[in-house]
Amino acid sequence: MSLFSRFRKAPPPAVPEKQPENVAATSAPVRADPDAALLAAQEEELVRAAIEAGDFQTVAKSVIDGTTTKIRQLAAEAIEDPEQIRELIKSARGGKDKSVYKILARKRDVLLAQEREVEQQRAEISAISAAIERHSHRPYDPLFTPTLGQLENRWKAVASRAEPDVANQTQASIDRAREVIAQHLQQIAAQASRELSAANAAAAERDRREKEQREAAAAEAERARIREEERKVEAQKREAQAHALRQIGGLLRKAHGALASGNSRVAAGLRRAIDEKLTAAPPLPMHLANQLKHLDAKLEELKDWKSFSVAPKRAELIEQMESLIGATLHPTALAGQIKDLQEQWRTLSKGAGEDAEADWQRFHEAAQKAFQPCREYFEAQDQVKRENLQKRGLLFERLHTFEKNHNWEEPDWRTVITAVREAKQLWRQHSPVDAAEGEELQQKFNELTVALQSRIDAEYARNVKAKESLIERARGLSSSSDSRTATDEVKRLQENWKAIGPVPRDVDRTLWEAFRAQCDTVFQKRQQEFASHTAALEANKLHAIGFCEELEKMAALSAQDLLETAKKLPDLRLAFDSIEELPRSNARQIQDRFERAFERCKKAIAEQHSLNAEQGWLALLDAANSVRAYRLALVRNAETAELDALKQTAENHLGNIAQSPKGGVDALKNALVEPANSDLAANESTLRTLCIRAEILTDTPTPAADQTLRREYQLRRLMETMGQGGAAEQGHLDSLALEWLSVGPTEETTYVQLAERFKECRRRAVSRPRRGS
């Protein structure tokens, strides 16, 4: 059983109430008296009238003094002013109507919740405004713009609730941050302009040098061309002369050779050719002139002997023709040799005198006998030509029937192409034919194949156009910003490509290569975007891990280092939140790691602030001992020198406090100048009570000597507050510490013991884990 449960609230002392004269002092219900009910109804009407009139002073009196619960509750529900609610709660606490207290407490809680919400909104507005202010003074970096975007979005959510001066200040900070971005863009533009100007100047200088080099090279090339032309003309002239001389020399050698073989007629012809060459030739060298003179002499000498050299040649030709009788040569080759010998006989007969009839008959009979195998071969060839012509006629009929019976509404183009191709191949295989006899059939076949080919070409043109359209569509997709959709569309285009009919093989290859190039461009772009996205995710991952590591290092710091780095905590939060996307496999892990590190930092910073605050309180309590010594000396009327020394010590102690709680140093400074309470026993009792209150708040055991005092305090507190104790929170201990500083002087031994007890309570409160940690 707890201490508070043993002390039930004693009934309040009887307070005389003004009762209606006609109400009996019995326990009978009020509703039994018609007059009392009428008075209550009239009072309720008055309260409602006061509510409608806005007379809340009268309504507030009815909350406490109303004769019925209904009236008091009606009045309590009508009160909205926070100060009135607080005053009425004090009056209603411990009163006879718990429901009125609950109504007022509920309305107070609502008002407190509204105040807390307003305070939270103000704190949020202040935090966002401060973050934007800090951000506007940062130098530009890659995270500056996204961080500003995040801050602006947060500000837009709360800007309508901000005070005008805060809104104006924040808007100025936003404008300043945008000016930072604008200045950065201007710097980039200026740098790009400078680089472009430098590049243009370099390009102009390079073009000028190249132009000069080209002009110099062109001039040199022109001079070289002229020299080369002159050299070529001279060389051609020399070559022409040399060529003419070589031709004359060649003709002379041929002429001498003809003379050596007895062919004076050929030699004479060559001599005439030499005369034609001499017109364009330079003067003949000595050896050529001598050869020409020797040739002329020989020709003159052989004119008389020519007729005597023909007879042996005729005999030779007759022997050659007779040797061809029964030869195993191919008929075409044999016929060629026979024709060649006949041409030689005719030439020989033209060159010399008379033609011997007997020799001619012998030569002719030998030719007829030798040509007999050729005659039989050519007759067989004529039969083959007739058969081939017949086969061509049948082939034409089949192709014509195919063309006539084919369904040209839904043609099978591959069959048509195959039929035309195979028909042309078979037509060529059925050869040779007689040209004259096959001319008409050849014309019909050509017309039929041309007609079919025109149909095929029209289909080719349609298919080529369709494939070129697919190529253009694929080219358009290569510049699409949505690579995923473009890739899917390209796959559909590839299926459409397969469904298109035939085109010429060489054109199909060219179109396919162009189409495949466009498709490859889309696929490569998709791969590049995927690689870029993966790289961006990896970069985001590295940034996020860097933020986590920085937070983890920050959480491991302590004292002033921790508080200095704590200023970066909001920026790290914003920077991490500005990361748009993380790798899916690591996102949850990195997010959890960041949140854990962030919470550890917040906890460490809060603990450090609490520790610093507690150190300030402890230093303040130590300084209070110096003030106590000075005030005790005042009470005891010590010497002036001693008082001055003690006061100087106290002031020095106060001046050395680096971080003191709000109002603490001022309280001690006031204590130095205000008159002290000379009742040392009362001062000691007050300090002991403060120790007991601190021990109750922190659940710290009280020494046995003060247990009785603790029970008396708890009983008195229970009677005053109806058992509503306060929670052991640091804020209450701070209030107690401020009360401690205002207490008058005590003996040093007693003060040191009590101060140690009070400090132990504070240390115990600081060392306990916080709620929610």
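So, how was this worked out
- Counting restarts for each chain, with residues numbered from 1 along the sequence as it is written.
- Restriction of local features to residues with pLDDT of at least 70 applies here, the model being predicted, together with a cutoff of 80 or more for giving and counting side-chain atom pairs; totals for whole chains, interfaces and linings are based on all residues.
- Computation of side-chain values covers all heavy atoms of the structure but excludes hydrogens and water.
- Working definition: a ring pair exists when centres of Phe, Tyr or Trp rings (six-membered ring for Trp) sit within 6.5 Å. Plane angles under 30 degrees give stacked, over 60 give edge-to-face, the rest tilted.
- Only DSSP runs of H or I reaching four residues or more are called helices, and only runs of E reaching two or more are called strands; each is numbered from the N terminus.
- A 1.4 Å probe rolled over the protein chains alone gives each residue an accessible area, and that area as a share of the maximum for its type sets the label: buried under 20%, exposed over 50%, partly exposed in between.
- What qualifies as a polar contact is a pair of N or O atoms within 3.5 Å, subject to a donor-acceptor requirement within protein and to the restriction that residues adjacent in sequence count only when both atoms come from side chains.
- Throughout, a contact is declared for two residues whenever any of their heavy atoms are within 4.5 Å.
- The axes are straight lines fitted to the C-alpha atoms, using for helices just the contacting stretch, and the angles between their N-to-C directions are given from 0 to 180°.
- Working rule for angles: under 35 degrees goes down as roughly parallel, over 145 as roughly antiparallel, 65 to 115 as roughly perpendicular, anything else as oblique.
- For any helix crossing, the convention is left-handed if the near helix is rotated counterclockwise from the far helix by under a right angle, and right-handed if that rotation is clockwise.
- Any residue outside Ala, Val, Leu, Ile, Met, Phe, Trp, Tyr, Cys, Pro, Asp, Glu, Lys and Arg is labelled polar, Gly included; the first ten of those are nonpolar and the last four are charged.
- Definition used for salt bridges: Asp or Glu carboxyl oxygen within 4 Å of a side-chain nitrogen of Lys or Arg.

## Overview of the packing of aromatic side chains
Part 1 of the reasoning: Summed over the entire model, instances satisfying the criterion amount to 11 aromatic pairs.
Part 2 of the reasoning: Look at W427 and F445: their rings are 3.8 Å apart centre to centre, the planes differ by 10 degrees, and that puts the pair in the stacked class. Of this pair, W427 sits in helix α14 (residues 413-429) while F445 sits in helix α15 (residues 435-477); the two residues are 18 residues apart in sequence, bridging distant segments of the chain. As far as the burial class goes, W427 and F445 line up, both buried.

## With respect to the side chain of S578
Part 1 of the reasoning: Position of S578 among the secondary structure elements: in the loop between α19 (569-577) and α20 (584-635).
Part 2 of the reasoning: A polar side-chain atom of S578 sits 2.6 Å from the main-chain carbonyl oxygen of A575.
Part 3 of the reasoning: The contacts of S578, once residues within four sequence positions are left out, are L143, P146, T147 and Q150.

## Focus: the packing of α20 against helix α21 (residues 640-655)
For any two helices packed against each other, the geometry is given by the interaxial angle and the distance between the axes.
Part 1 of the reasoning: Two elements in contact, α20 and α21, have axes whose closest approach is 9 Å; the angle formed by their N-to-C orientations is 165 degrees. It follows that α20 is roughly antiparallel to α21 by the angle criterion. Handedness of the crossing formed by α20 with α21: left-handed. Facing A619, D622, A623, S626, V627, A629, Y630, A633 and L634 of α20, the residues of α21 in contact are L643, L646, K647, T649, A650, H653 and L654.
Part 2 of the reasoning: Split into classes, the residues belonging to the contact of α20 with α21 amount to 11 nonpolar, three polar and two charged.

## A closer look at the pattern of salt bridges
Any two side chains of opposite charge can pair, so long as their charged atoms come close to each other.
Part 1 of the reasoning: With the rule as written, the count across this model stands at 39 salt bridges.
Part 2 of the reasoning: Among the salt bridges present, the one from R214 reaches E210, with a minimum N-O distance of 3.9 Å. With R214 and E210 both in helix α8 (residues 164-260) and four residues apart, the pair spans about one turn of that helix.
Part 3 of the reasoning: Taking the relative accessible area as the measure of exposure, R214 reaches 51% and is therefore exposed.
Part 4 of the reasoning: The salt bridge partner of E228 is R231, with a shortest N-O separation of 2.0 Å. Of this pair, E228 and R231 both sit in helix α8, three residues apart, which is roughly one turn of that helix.
Part 5 of the reasoning: When its relative accessible area of 43% is taken as the criterion, R231 is described as partly exposed.
Part 6 of the reasoning: Salt bridges linked by common partners bring E684, R688, E695, D706 and R757 together as one network.

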